[in-house]
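# Summary of the model geometry
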Amino acid sequence: MELSSEFWWFILIGLGAQLVDGALGMAFGLVSSSVMLAMGIPPAQASAAIHTAEVFTTGASGVSHLVAGNVDKRLFFRLAIPGAVGGAVGAYGLTQLPGDVIRPLIYLYLLVLAIIILARAAGRLMPKGEVKRVPVLGFVAGFLDASGGGGWGPVATSTLLARGGQARTTIGTVNASEFVVTLTVSATFLMSMGLHHLQIVAGLLIGGMMAAPVAALLVKRLKERWVLIAVGVLVLAISLFQIGHAVGGYLGR
């Protein structure tokens, strides 16, 4: 494999994306795909490379969070197993639903969650008690992730935090369980498509694996209030951008 000058940019993209994802529990795909598309890389190539690289980056992130003590093992199994099932269902063809209609609804849901998370960070809302229906949440987030919505981090992390989950263990556990989901989803595509775009994959996973331990330590050491604010602002920005994009596309027809 001959390396071009862009290879080093892919390392930086992977490093930055995993730093955000590992610290806030979401957005590896969002950050990396946004930059790669801006570089002129075709969407199909960017998506394939990101999904392949995520097998390695989520593994490194999961181990880093486990070593840092950020993983709730009970929550891990309640999320990971249903998430893998949902991912498999999505990857095997149950993606014929009207995505253009469903995705704006998902982002409206995330917008509400962002407001709840920011209210919690401001001390206006203090939910208590154990989060219920975690397996259902895992299945839905896994299905959305496999069907191209990229929903694992935003849906799983935001829902758990909005319902009162501790920031450190929520983010750590969502990142660790994402490895199981990503491995299940990616295996399907790899068997059918093979492994391509090695330079992009290598750059993303090298940068991502470098950032994973740093992100895990950040989650452990930062005050929960600041983590909640960062997550809330990120989810708010994602949801508003996507809703605006959907509305703009509808009006432009």
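Residues numbered from 1 in each chain as written. Predicted model: local features only at pLDDT ≥ 70, side-chain atom pairs only at ≥ 80, totals over all residues. Heavy atoms only, no water.

### Let's talk about the overall build of the protein
Note the following rule: Only DSSP runs of H or I covering at least 4 residues are called helices, and only runs of E covering at least 2 are called strands; the numbering of each starts at the N terminus. Between buried and exposed lies partly exposed: a residue is buried under 20% and exposed over 50% of the maximum accessible area for its type, with that area taken using a 1.4 Å probe on protein chains only. Contact between two residues is taken to exist if any of their heavy atoms lie within 4.5 Å; hydrogens are not considered. Per-residue accessibility takes into account occlusion by the displayed protein chains alone, with areas from the Shrake-Rupley method and a 1.4 Å probe.
Regarding its fold elements, the protein presents 10 helices and 0 strands. Beginning at the N terminus, the succession of helices and strands in the protein can be written as α-α-α-α-α-α-α-α-α-α. For the protein, with 253 residues in total, the buried portion stands at 47%. Pairs at least 24 residues apart make up 84% of the contacts formed inside the protein by residues separated by at least 6 positions. Accessible area for the protein stands at about 12,400 Å²; split by element, carbon and sulfur atoms hold 69% of it.

### What about helix α4 (residues 73–91)?
Convention followed: The length a helix should cover is 1.5 Å for every residue beyond the first. Here a polar contact means two N or O atoms within 3.5 Å. Within protein one must be a hydrogen donor candidate and the other an acceptor candidate, and residues neighboring in sequence count only if both atoms are side-chain atoms.
Over its 19 residues, α4 runs 26 Å from end to end, which matches the ideal 27 Å to within 8%, given 1.5 Å per residue. Buried within α4 are the following residues: L75, F76, L79, A80, P82, G83, A84, G86, G87, G90 and A91. Its side-chain oxygen placed 3.1 Å from the backbone nitrogen of R74, D72 serves as the N-cap of α4.

### Remarks on the nonpolar core
This is how the line gets drawn: We define a nonpolar core as any set of buried Ala, Val, Leu, Ile, Met, Phe, Trp, Tyr and Cys residues linked to one another through side-chain atoms lying within 4.5 Å.
Of all hydrophobic cores here, the largest spans 41 residues; its most connected members are L79, L110, V155, L160 and V231. Counting only elements with at least two residues in this core, the list comes to α1 (6–24), α4, α5 (99–121), α6 (134–146), α7 (152–162), α8 (167–193), α9 (198–221) and α10 (224–251). Counting residues per element, this core draws most heavily on α5, which supplies 8 residues. Among all residues touching V155, those that are not within four sequence positions of it are I106, Y109, L110, L137, A141 and L144. Ranked by size, the runner-up nonpolar core spans 14 residues in total, among them I13, I41, I200 and L204.

### Thoughts on α9
This is how the line gets drawn: One axis is fitted to the seven residues ending at the residue and one to the seven starting there. The bend at that residue is the angle between these axes.
Between its first and last C-alpha, α9 extends 35 Å over 24 residues, near the 34 Å set by a 1.5 Å rise per residue. Along α9, the largest kink reaches about 35° and is centred on A212; proline P213 follows within four residues of it.

### Some remarks on the side chain of N175
Mapping N175 onto the fold places it in helix α8. Engagement of the side chain of N175 in a polar contact is seen with the backbone oxygen of D21, the distance being 3.4 Å.

### Thoughts on the packing of α1 against α9
Threshold: Note on geometry: axes are lines fitted to C-alpha atoms, helical ones only across the stretch in contact, with angles between N-to-C directions running from 0 to 180 degrees. Should the near helix be turned anticlockwise from the far one by less than a right angle, the crossing is termed left-handed; should it be turned clockwise, right-handed. When residue character is reported, Ala, Val, Leu, Ile, Met, Phe, Trp, Tyr, Cys and Pro are called nonpolar, Asp, Glu, Lys and Arg charged, and the others, Gly included, polar.
It is at 6 Å that the axes of α1 and α9 come closest, and there the two elements cross at 35°. α9 is crossed by α1, and the crossing has right-handed handedness. Taken together, the residues of the contact of α1 with α9 sort by class into 18 nonpolar, 7 polar and no charged.

### Some points on a nonpolar patch on the surface
Note the threshold: For patch detection, residues must exceed 30% relative accessible area and be free of salt bridges, and they are connected within 9 Å for like charges or within 5 Å for nonpolar side chains (Val, Leu, Ile, Met, Phe, Trp, Tyr). In the sections that follow, a salt bridge refers to a side-chain nitrogen of Lys or Arg positioned within 4 Å of a carboxyl oxygen of Asp or Glu.
A surface patch of nonpolar side chains, amounting to about 530 Å² of accessible area, comprises F77, I81, V85, V136, F139 and V140. You can see V140 is positioned in helix α6. We classify V140 as partly exposed; its relative accessible area is 37%.

### A closer look at the packing of aromatic side chains
To keep it simple, the criterion reads: Working definition: a ring pair exists when centres of Phe, Tyr or Trp rings (six-membered ring for Trp) sit within 6.5 Å. Plane angles under 30 degrees give stacked, over 60 give edge-to-face, the rest tilted.
Tallied over the full model, the rule gives 2 aromatic pairs. Taking 5.3 Å as the distance between ring centres and 70° as the angle between the ring planes, the aromatic pair formed by F7 and W8 counts as edge-to-face. By relative accessible area, F7 is classed as buried at 6%. Judged by its relative accessible area of 56%, W8 falls in the exposed class.

### A look at the side chain of T157
Tracing the sequence through the fold places T157 in helix α7. Given the relative accessible area of 0%, T157 is considered buried. Dropping the residues within four chain positions of it, T157 is found in contact with L24, G25, M26, W152, T170, I171 and V174.

### Points about the environment of W9
Along the chain, the position of W9 falls in helix α1. For the pair formed by W9 and L204, sequence separation is 195 residues and the distance between their alpha carbons is 9.0 Å.

### Topic: the packing of α4 against α6
Closest axis-to-axis distance for the α4/α6 pair is 6 Å, and the angle between their directions is 35°. The interaxial crossing formed by α4 with α6 has right-handed handedness. Contact residues: L75, R78, L79, P82, G83, V85, G86, G87, V89, G90 and A91 in α4; V134, P135, G138, F139, G142, F143 and A146 in α6. When the residues that make up the contact of α4 with α6 are grouped by side-chain class, the tally is 11 nonpolar, 6 polar and 1 charged.

Geometry only, nothing functional implied.
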